[in-house]
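The residues making up each chain are set out below.
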Amino acid sequence: MAQNKSNGLDGVSAQDVAELWIERISAAIAARDGQAFADMFIADGYWRDILSLTWARPTFAGRAAIAEAFDTTAAAAGFSNIRLAANRTAPRLSRRSGRDMVEAWFDFDLNVGTGTGFARLVLEPCANGADTAPNPRTWLLLTALHELHGFKEKAGLNRPSGSHFSKIESPLSWRQLRDHEIAFEDRDPQVLVVGAGQGGLILGARLRQMGIDALIIDKSERVGDVWRGRYNNLTLHNKLNANHFPYLPFPETWPVWLPKDMLGDWLESYARFMELNVWNSTELVEAHFDEAAGIWTVTLRCADMSIRTMRVPHLVIATGVSGGLPKKPDMPGLSDFKGDVVHSGEFRTGMDYVGRNAMVVGTGNSGHDIAQDLYVSGAKTVSIMQRGATCVLSLEPSAIISYSIYSEDTPVEDTDLMVAALPNAMLLDSYKWITKKTEQYDAELIQKLNKVGFKTHNGDDKTGFQLLYLRGAGGYYIDVGCSELLIDGQVGLVQYEDIAHFVADGLLLKDGRKIPLDLLVQATGFESMAEMVRRLLGDEVADRLGPVWGFDEDDNIRNMWTRTPQQGLWLMGGAILEARLNSRFLALEIKASLEGLMPDRNAMPLRKLATARSQEKITA
C-alpha cells in the first residue's frame, strides 16, 4: 500500500483504501451475496438508501438488517458497477466522532439509471500485526438515485446547444418562445407548484432540467417578495456557503451573512436565468383529485382576476419553510387594546414606531430580531413577552458549528451527500455533541439571561436548536445582539404567566403594574404545513396526508420531499439547504412517475418484505 504520512493516518493512502474497498464490495455485489455485502460493514454500521434500490428512504442498521435488505433489493434494482466517482471529491482522510477514517464518493449503475453515493470507511488492524493492507470496513454508506436512463439533466456537458437559434431555424426569438411557453395557452403543465419561494424555484429548476413541463404560481406580485416583505433587518443565520442554489451558486463577492432583500432579488433573477415558468399574483382557488384518472383538476385565479382551470397529474405545495399561515393567538383582553397589532410576517421596520412603546410576543429568532430592530430604530420602550423556555445560542461560535461541514473545501453537492448519509441515530448523537459544545461556549451568556428571568432550554433530549426545527417545535434564538439588550435591561422582559390582561393603552400585570403600549407584534410562528394543506385541499386530503414535519417510523421527516399518502401530492419545504439537497430526489420521483418507472406502493421491495413478515407472524 502506498505511503502518505503527510495525510495524518500513519502512512495510509485514502485513494488506496477506497480502491481496495471498491474491489471487495464489488465482488459481494456481483455475487448478489447479502452476507458478504454486510460483512463489509462494522458491526454497528449503517446503510441509507434514497430511491436507488428501494424507491424509498430507509436506513438499515447492523449487518443482519443490511444483509436482508441487500438480498431483497439488489438483484431487482440491477445494482452493479460500483466505482469511485470521477467528477466528485477524491477519497480523503478525515476524523469524525473521534474516529480516523477514509471518506469516499462513488457512482454505480441501476436498471433505471445511475446512482451516486458516499461512504465512511474505518480501518480494522491487520491480523497478528502482519505488514499487509489494513482491512477497510464500512461505518456509513449512502446509495442514492442520481439520474434516470434517457433523461439526463440538461446541464454541464449535456447543456442545450442553442443551435435552434444560431442556425435561425425559426422566425421566433428566444424571448417570443419563452413568452409562449410561460403562457400555457395550448397545454396544461405536468406539474403545478404552489409557491415561488426558494423551495418552489429550486424544485422548478430541477424539474426543468429533467424535461418536465412545470408551472409555478405565487400570490405575490414579484418573485422574491416572500423575502422582501419580511422585517427590515432580517438576515440569514447560516453562512452563504451552506445556501447555494443548484446550477447557479451565489457570486463570490456576496457577503457571508445574506440580507433578505439580496436573497429576494436573487430568487427573482434565479427564476429568470433558469427559465422557470412563473405566474405571479396567482392563487390556487381549489383542487380536486380524480382517483380513477390520477389527475388533479385545479382552479386558479390569475393576475387579471380571470379563472383558469387545469388538469395536472402532479401538485406540489411549496408555501414556505413550514406552512406560511401566521399563528395569531388570542390573549386576555387583546380585543380591548387600541394600539397596532401585527404579526411578525406583517411587520416591516421599527422606523415606523420611533418614540413609541412596543412589545413583541415570542422569543424565537423573529421575536428577538424585531425587538432589536425596534430598539435600534428609536422606539421609546421595547419589551419581549416570553411564553415558554427558549433555546438560545451565540451566532459565533455556536450556531456555525452545525453548518461547519459546509465550510470545508468540498463542492456543495458533495457535502449534501455527506449530510444525506447521516441516519437519525447518528444525527441525534451529533447534535447532542454539538449542544454540549455550545453549552460550554455560551455558559456565561445563558447564566446572564437566566439571572434576568429569561427561561432557557436545549430540548428535552439536549439536541439543541436543529432538532427543535426538524421536529417542528421551533422556540430557538441565534443571538445577534438582542440577548445583550435583555441582559442590560435596554429591552424589557415579561413572562406570560405574569400578565393579567390588555387594556386600551397597554398591558396590565398581575402585580398591578401597567406597561404602556402603542404596538404589539405577535412573533408567534406559523401554522404547520399540514394546516396549509387542509386549507388549500380540504379535510379529506389533509386527513389522508397526516402529520408533516417531525420524524416518522423510518426516521425521515414526515411527508416532506417524497411520495405522500395522497397520490399526485408532494410537499416541498425547508430552508435553502434542505430544499437544494432534497429537490433532486423529489424531482426524480416525479419524473419516474410520469415515465411509468416508479413501482406501485405495494410493489416496492421493502413493502413486499414487510408484508411477507406480517404474513409469517399471522401463520405462526
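Owing to the predicted nature of the structure, the values given are computational and were not obtained by experimental measurement.

1. A look at the packing of helix α6 (residues 198-209) against helix α18 (residues 576-594)
- Where α6 meets α18, the axes come as close as 8 Å, and the angle between the chain directions of the two elements is 40°. As far as their axial angle goes, α18 and α6 are oblique. Judged by the sense of rotation from one axis to the other, the crossing of α6 with α18 is right-handed. Mapping the contact onto sequence places Q198, G199, I202, L203, R206 and L207 in α6 and I576, A579, R580, S583, R584, L586, A587 and I590 in α18.

2. What to know about the nonpolar core
- Counting 176 residues, the largest nonpolar core has W21, F37, W47, L201, W296, L374 and L537 as the members making the most contacts within it.
- Examining the composition of this core, we find that 10 residues originate from one element, α18, more than from any other.
- Of all hydrophobic cores here, the second largest spans 14 residues; its members include M359, V361, I499 and L517.

3. A look at the packing of aromatic side chains
- Tallied over the entire structure, the rule returns 23 aromatic pairs.
- Ring centres of F37 and F79 lie 6.4 Å apart, and the angle between their planes is 80°; on these two criteria the pair is classed as edge-to-face. Separated by 42 residues along the polypeptide, F37 in helix α2 (residues 34-38) and F79 in the loop between α3 (63-77) and β3 (80-84) bring together distant segments of the chain.
- Ring geometry for F245 versus F250: centroids 5.7 Å apart, planes at 65°, classification edge-to-face. The burial state of F245 is the same as that of F250; both residues are buried.
- Three or more aromatic residues joined by ring pairs form one cluster here, namely W21, F37, F41, W47, F60, F70, F79, F106 and F108.

4. Structural notes on the sheet that holds strand β13 (residues 307-312)
- Within the open sheet, the 3 strands sit side by side as β11-β12-β13. Their pairing is antiparallel. Two strands in the sheet have a free side with no partner beyond their single neighbour: β11 (283-290) and β13. Strand-to-strand twist across the sheet, computed as the mean angle between neighbouring axes with direction ignored, equals 20°.
- As defined by bridge partners, strand β12 (residues 295-301) adjoins β13 across 6 bridges and the pair is classed as antiparallel. By the bridge assignment for β13, R301 is matched with I307.

5. Thoughts on the pattern of salt bridges
- In the structure shown here, the tally under the stated rule is 36 salt bridges.
- Notably, a salt bridge pairs R95 with D100, separated by 2.8 Å at the nearest N-O pair.
- For R95, a relative accessible area of 54% puts it in the exposed group.
- Relative accessible area serves as the criterion here: at 37%, D100 is assigned to the partly exposed category.
- The salt bridge partner of E181 is R178, with a shortest N-O separation of 2.8 Å. Highlighted residues: E181 and R178, both in helix α5 (residues 174-183), separated by 3 residues, approximately one helical turn.
- One network of salt bridges, in which partners are shared, links R222, D225, R228, D265 and E268.

What counts and what doesn't
Residues numbered from 1 in each chain as written. Predicted model: local features only at pLDDT ≥ 70, side-chain atom pairs only at ≥ 80, totals over all residues. Heavy atoms only, no water. Axes fitted to C-alpha atoms, helices over the stretch in contact; angles between N-to-C directions. Helix = DSSP H or I, 4+ residues; strand = E, 2+ residues; numbered from the N terminus. Parallel < 35°, antiparallel > 145°, perpendicular 65-115°, else oblique. Left-handed = near helix turned anticlockwise from the far one by under 90°. Contact = heavy atoms within 4.5 Å. Core = buried A, V, L, I, M, F, W, Y, C linked by side-chain atoms within 4.5 Å. Buried < 20%, exposed > 50% of the residue type's maximum accessible area, 1.4 Å probe, protein only. Phe/Tyr/Trp six-rings, centres within 6.5 Å; stacked < 30°, edge-to-face > 60°. Pairing = 2+ DSSP bridges. Salt bridge = Lys/Arg side-chain N within 4 Å of Asp/Glu carboxyl O.

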